Amino acid sequence: MAYQLEEINRKVKADPKAFLDECDAAYQARVDHAAEVIISRMEKSPIVLLSGPSGSGKTTTAMKIEQALEKRGVNTHTVSMDNYFRTLDRAKAPRTPEGDIDYESPLCMDMELLDQHFTRLSQGERVMVPHFEFARQMRNDYRATPLQLGENEIAIFEGIHALNDDIAGRHPEATKLYISARSNVLEGEEIRFKGTWMRLTRRAVRDYNFRGTGVEQTLAMWANVRRGEKLYISPFKGKADIILDSSLPYEVSVMKNYAKPILEAVPPENVRRTELLDLIRAFDYFEAIDPALVAPESLIREFIGGGAYQY
């Protein structure tokens, strides 16, 4: 699916709040459909595997699906698969071609423990969900939390490797979702804003505002993030029972307020300057939207802040 620039700008000028409400409602409809599919498959497995590349909005979407399921009477537990990272052993850690630690690699995950937990949860047994401390790059079992699924309960495990064969392949009965901002913005047939730019913009703004990471550092990591997507994430999206597009037609108009200034501040000598200039210029095609109009429940709030969800 692609969006048309002319229609976006027309709706922004006419009634931006109505446009935002329309887009949010369309996304909620996709979430509700996902919830219905999950319910229809509950007899097969109480496990839901939710995957998608960086910046796809997995966390917010998982929370929205949880809300939709709860409204339908299904008690839901969302678990971040980040907690199943192994304690970092630099001597044995997977490496990129450049020799850096490859944090995108599924080899960083404790696949055996995930396999055990999926099996035990499906059998109604109690497990202890681990807690990974990113600051210390280690798992802290003292902060593990118990999880046990009763009747009419499910667990959503969300993470970039959820559909990897070493996880989903061992549990084909689980319901599988793939989420990504997949839509380009076109002017006629010409691409004005790429779906991958949407995800880069989301990550850059979130990193800058909430993770203490400058844009240059995000850009430096982005090449390996994209390489990891092509190696470890995208090849498995065809296994998904549901593919959900998390892009919102209004988001470039909102992100323009946040992303353009911090991207313009990147020094000219940056090795990705040429691509950055293309991205910066692309924002000029869009009418801006006041971020104050964005609903607290919007997926975009995961990246700009001020939302109703706790991350």
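Everything below is about the structure printed above this text.
Residues numbered from 1 in each chain as written. Predicted model: local features only at pLDDT ≥ 70, side-chain atom pairs only at ≥ 80, totals over all residues. Heavy atoms only, no water.

On to the packing of aromatic side chains, then. Where two aromatic rings form a pair, the distance of their centres and the angle of their planes describe that pair. Per the counting criterion, the structure on display carries eight aromatic pairs. Plain terms: the ring middles of F85 and F134 are 6.0 Å apart, the flat faces sit at 80° to each other, and that makes the pair edge-to-face. Separated by 49 residues along the polypeptide, F85 in the loop between strand 3 (75-80) and helix 4 (111-122) and F134 in the loop between strand 5 (132-133) and strand 6 (138-139) bring together distant segments of the chain. By relative accessible area, F85 is classed as buried at 12%. Ring geometry for F132 versus F134: centroids 4.9 Å apart, planes at 75°, classification edge-to-face. The exposure class of F132 is buried, given its relative accessible area of 4%. Here F134 falls in the partly exposed class, since its relative accessible area comes to 44%. (Phe/Tyr/Trp six-rings, centres within 6.5 Å; stacked < 30°, edge-to-face > 60°. Helix = DSSP H or I, 4+ residues; strand = E, 2+ residues; numbered from the N terminus. Buried < 20%, exposed > 50% of the residue type's maximum accessible area, 1.4 Å probe, protein only.)

Right, let's get into helix 2 (residues 16-40). An ideal rise of 1.5 Å per residue puts 36 Å on 25 residues; helix 2 measures up with 37 Å between its terminal C-alpha atoms. Buried residues of helix 2: F19, L20, C23, D24, Y27, V31, A34, A35, V37 and I38, and no others. Buried positions along helix 2 lie against helix 1 (5-14), strand 2 (47-51), helix 3 (58-71), strand 8 (153-158), strand 9 (175-180) and strand 12 (242-245). (Expected span 1.5 Å × (residues − 1). Contact = heavy atoms within 4.5 Å.)

On to helix 4. Side chains three or four residues apart in an α-helix point the same way, a direct result of the helix having 3.6 residues per turn. Relative to the 16 Å expected for 12 residues at 1.5 Å per residue, helix 4 spans 17 Å between its end C-alpha atoms, a close match to the ideal helical length. Turning to helix 4, its buried residues number three or more, namely M111, L113, L114, H117, F118 and L121. Axial view of helix 4: buried residues confined to an arc of 160°, hence all on one face. Each element contacted by the buried residues of helix 4 is listed here: strand 2, strand 4 (127-129), strand 6, strand 7 (145-147) and strand 8. (Arc of directions from axis to C-beta.)

Below, the discussion takes up the nonpolar core. Residues I65, F193 and Y250 are the most contacted members of the largest nonpolar core, which totals 59 residues. Here the element with the most residues in this core is helix 2; it accounts for nine residues. Discounting residues that sit within four places of it in the chain, Y250 has contacts with F19, L20, C23, D24, I289, V294, S298 and I300. (Core = buried A, V, L, I, M, F, W, Y, C linked by side-chain atoms within 4.5 Å.)

Before going further, it helps to spend a moment on the sheet that holds strand 11 (residues 190-193). Pairing within the open sheet is mixed, and its three strands lie in the order 1-10-11. The open sheet terminates on both sides in strands that have one partner only, identified here as strand 1 (3-4) and strand 11. The sheet contact formed by strand 10 (residues 185-187) and strand 11 spans three bridges and is antiparallel. Bridging across to strand 11, E187 finds its partner in E190. (Pairing = 2+ DSSP bridges.)

Here we take up the packing of helix 1 against helix 2. Viewed as axis vectors pointing N to C, helix 1 and helix 2 meet at an angle of 125°, and their least axial separation amounts to 5 Å. Compared by their axis directions, helix 1 and helix 2 come out oblique. On helix 2, the residues that touch I8, K11, V12 and A14 of helix 1 are P16, F19 and E22. Of the residues that constitute the contact of helix 1 with helix 2, the class distribution is five nonpolar, no polar and two charged. (Axes fitted to C-alpha atoms, helices over the stretch in contact; angles between N-to-C directions. Parallel < 35°, antiparallel > 145°, perpendicular 65-115°, else oblique. Nonpolar A, V, L, I, M, F, W, Y, C, P; charged D, E, K, R; others polar.)

Strands sit in the order 3-8-2-9-12 across an open sheet of five strands; the sheet is parallel. The open sheet terminates on both sides in strands that have one partner only, identified here as strand 3 and strand 12. Across the sheet, the mean angle from the axis of one strand to that of its neighbour is 20°, orientation sign disregarded. As judged from the four bridges shared by strand 2 and strand 9, these two strands associate in the parallel manner. From the neighbouring strand, V48 faces strand 9, where its bridge partner is T175. Packed on one face of the sheet, helix 3 meets strand 2, strand 3, strand 8, strand 9 and strand 12 and runs near 170° to strand 8. The strands that helix 4 touches are strand 2 and strand 8; relative to strand 2, the one it contacts most, it runs at about 145°.

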